[in-house]
Amino acid sequence: MAVPVALKYCGGCDPGFDRVAACEKIKDAAGSSIEWTRFDPSGSSSVLIICGCATACPAEELDLSRAGKVVVVTQEPENPQSIVEALISSGEQND
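As the structure is a computational prediction, the values presented were derived from the model and not from experiment. (Residues numbered from 1 in each chain as written. Predicted model: local features only at pLDDT ≥ 70, side-chain atom pairs only at ≥ 80, totals over all residues. Heavy atoms only, no water.)

K.L.:
Explain the overall build of the chain here, please?
P.N.:
Across its full length, the chain carries 3 helices and 5 strands. Going from the N terminus to the C terminus, the chain shows its helices and strands as β-α-β-β-α-β-α-β. In summary, the chain has a C-alpha radius of gyration of 12 Å against a globular reference of 12 Å for 95 residues, a match within 12%. Its C-alpha atoms put the chain at 35 × 25 × 20 Å along the principal axes. Relative to its 95 residues, the chain shows a buried fraction of 37%. Once local pairs closer than 6 in sequence are excluded, the contacts in the chain between residues at least 24 apart make up 59%. For the chain, the computed accessible surface area is about 5300 Å², with 46% contributed by carbon and sulfur atoms. Computed over 7 positive and 14 negative side-chain charges, the separation of the two mean positions in the chain equals 6 Å. (Helix = DSSP H or I, 4+ residues; strand = E, 2+ residues; numbered from the N terminus. Rg over C-alpha atoms; globule rule 2.2 N^0.38 Å. Buried < 20%, exposed > 50% of the residue type's maximum accessible area, 1.4 Å probe, protein only. Contact = heavy atoms within 4.5 Å. Areas by Shrake-Rupley, 256 points an atom, 1.4 Å probe, with all protein chains shown as cover. Lys, Arg positive; Asp, Glu negative; His and termini not counted. Charge placed at Lys NZ, Arg CZ, Asp CG, Glu CD.)

K.L.:
Can you walk me through the pattern of salt bridges in this structure?
P.N.:
Side chains that differ in sign of charge can pair as their charged atoms come close. Across all of its chains, the model carries 1 salt bridge by this definition. Notably, a salt bridge pairs Lys25 with Glu76, separated by 2.8 Å at the nearest N-O pair. Highlighted residues: Lys25 in helix H1 (residues 19-30) and Glu76 in the loop between strand E4 (69-73) and helix H3 (80-88), separated in sequence by 51 residues. Taking relative accessible area as the criterion, Glu76 reaches 31% and is therefore assigned partly exposed. (Salt bridge = Lys/Arg side-chain N within 4 Å of Asp/Glu carboxyl O.)

K.L.:
Looking at this structure, I do not really get H3. What am I missing?
P.N.:
Working note: α-helix, 3.6 residues per turn, so residues spaced by three or four point in the same direction. Turning to H3, its buried residues are Pro80, Ile83, Val84, Ala86 and Leu87. For H3, the angular spread of buried residues about the axis comes to 160 degrees, placing them on one side. (Arc of directions from axis to C-beta.)

K.L.:
Whenever I open this one, the environment of Val72 confuses me. Can you help?
P.N.:
Looking at the secondary structure, you find Val72 in strand E4. Each C-alpha atom of the pair Val72 and Ala21 lies 16 Å from the other, and the pair is 51 residues apart in sequence.

K.L.:
Looking at this structure, how should I read the pairing of strand E1 (residues 3-9)?
P.N.:
Consecutive side chains along a regular strand alternate between the two faces of the sheet. Relative to strand E2 (residues 34-38), E1 runs parallel, the two being bridged by 5 bridges. Residue Ala6 lies in a different strand from E2, and its bridge partner there is Thr37. A crossover links E1 with its parallel partner E2, the connecting element being H1, and its sense is right-handed. Here E1 runs beside strand E3 (residues 46-50); their pairing, made up of 4 bridges, is parallel. By the bridge assignment, Ala6 is partnered in E3 with Val47. (Pairing = 2+ DSSP bridges. Right-handed = clockwise from strand over helix to strand, strands pointing away.)

K.L.:
Would you mind showing me how to read the pairing of E3 here?
P.N.:
Burial runs high along E3: 5 of the 5 residues are buried. Across 5 bridges, E3 lies against E4 in parallel orientation. Each bridged residue has a counterpart across the sheet, and for Val47 the counterpart in E4 is Val70.

Next up, the structure:
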(Lines give C-alpha, C1' and ligand atoms only; values in the text may rest on other atoms or scores of the structure.)
Protein backbone atom coordinates (compact mmCIF):
# COMPACT_ATOMS: atom_id res chain seq x y z
CA MET A 1 0.00 0.00 0.00
CA ALA A 2 1.35 3.42 -0.98
CA VAL A 3 2.10 5.96 1.72
CA PRO A 4 0.42 9.35 1.12
CA VAL A 5 2.95 12.19 1.00
CA ALA A 6 2.08 15.84 0.42
CA LEU A 7 4.41 17.72 -1.91
CA LYS A 8 5.18 21.42 -1.51
CA TYR A 9 7.63 23.59 -3.44
CA CYS A 10 9.07 26.93 -2.36
CA GLY A 11 8.32 30.01 -4.44
CA GLY A 12 11.59 29.69 -6.34
CA CYS A 13 12.89 33.21 -5.74
CA ASP A 14 16.55 32.10 -5.48
CA PRO A 15 16.87 28.49 -6.65
CA GLY A 16 20.32 26.92 -6.56
CA PHE A 17 19.20 23.77 -8.40
CA ASP A 18 16.38 22.51 -10.60
CA ARG A 19 13.65 21.75 -8.05
CA VAL A 20 11.35 20.02 -10.54
CA ALA A 21 14.14 17.72 -11.77
CA ALA A 22 15.02 16.89 -8.16
CA CYS A 23 11.38 16.07 -7.47
CA GLU A 24 11.24 13.79 -10.50
CA LYS A 25 14.31 11.89 -9.23
CA ILE A 26 12.62 11.43 -5.86
CA LYS A 27 9.37 10.33 -7.50
CA ASP A 28 11.27 7.84 -9.66
CA ALA A 29 13.03 6.45 -6.58
CA ALA A 30 9.68 6.14 -4.78
CA GLY A 31 7.97 4.24 -7.57
CA SER A 32 4.60 3.02 -6.31
CA SER A 33 5.55 3.20 -2.62
CA ILE A 34 4.31 6.82 -2.34
CA GLU A 35 1.00 8.39 -3.36
CA TRP A 36 1.74 12.07 -4.02
CA THR A 37 -0.86 14.56 -2.78
CA ARG A 38 -1.20 18.31 -2.38
CA PHE A 39 -0.21 19.91 0.91
CA ASP A 40 -3.20 20.36 3.21
CA PRO A 41 -2.58 22.57 6.28
CA SER A 42 -5.39 20.78 8.12
CA GLY A 43 -3.27 17.65 8.17
CA SER A 44 -0.93 15.54 6.09
CA SER A 45 0.78 12.44 7.42
CA SER A 46 4.05 13.16 5.61
CA VAL A 47 5.23 16.26 3.79
CA LEU A 48 8.09 16.71 1.31
CA ILE A 49 9.13 20.34 0.96
CA ILE A 50 11.48 21.10 -1.91
CA CYS A 51 13.24 24.44 -1.43
CA GLY A 52 15.64 26.03 -3.90
CA CYS A 53 18.00 27.30 -1.21
CA ALA A 54 19.00 26.82 2.42
CA THR A 55 16.63 29.56 3.61
CA ALA A 56 13.77 27.05 3.24
CA CYS A 57 11.01 29.65 3.56
CA PRO A 58 8.07 27.19 3.41
CA ALA A 59 9.47 25.16 6.30
CA GLU A 60 9.39 28.32 8.41
CA GLU A 61 6.19 29.88 7.08
CA LEU A 62 3.83 26.90 6.83
CA ASP A 63 1.92 25.49 9.77
CA LEU A 64 3.36 21.99 9.88
CA SER A 65 2.06 21.21 13.37
CA ARG A 66 -0.40 18.65 11.99
CA ALA A 67 2.11 16.94 9.73
CA GLY A 68 3.30 13.55 10.87
CA LYS A 69 6.72 13.80 9.22
CA VAL A 70 8.47 16.57 7.37
CA VAL A 71 11.40 16.17 4.99
CA VAL A 72 12.96 19.38 3.68
CA VAL A 73 15.22 19.27 0.62
CA THR A 74 17.41 22.37 0.17
CA GLN A 75 19.95 21.07 -2.34
CA GLU A 76 20.19 18.62 -5.23
CA PRO A 77 19.58 15.22 -3.64
CA GLU A 78 22.59 12.92 -3.96
CA ASN A 79 20.57 9.89 -2.89
CA PRO A 80 16.86 10.23 -3.71
CA GLN A 81 16.20 6.79 -2.22
CA SER A 82 17.26 8.04 1.24
CA ILE A 83 14.63 10.79 0.97
CA VAL A 84 11.99 8.21 0.06
CA GLU A 85 13.03 6.08 3.04
CA ALA A 86 12.77 9.10 5.35
CA LEU A 87 9.27 9.83 4.06
CA ILE A 88 7.96 6.33 4.58
CA SER A 89 9.71 5.71 7.92
CA SER A 90 8.91 7.26 11.29
CA GLY A 91 10.37 10.52 12.57
CA GLU A 92 11.30 13.92 11.14
CA GLN A 93 14.20 14.44 8.76
CA ASN A 94 15.81 17.42 7.05
CA ASP A 95 18.11 16.91 4.05
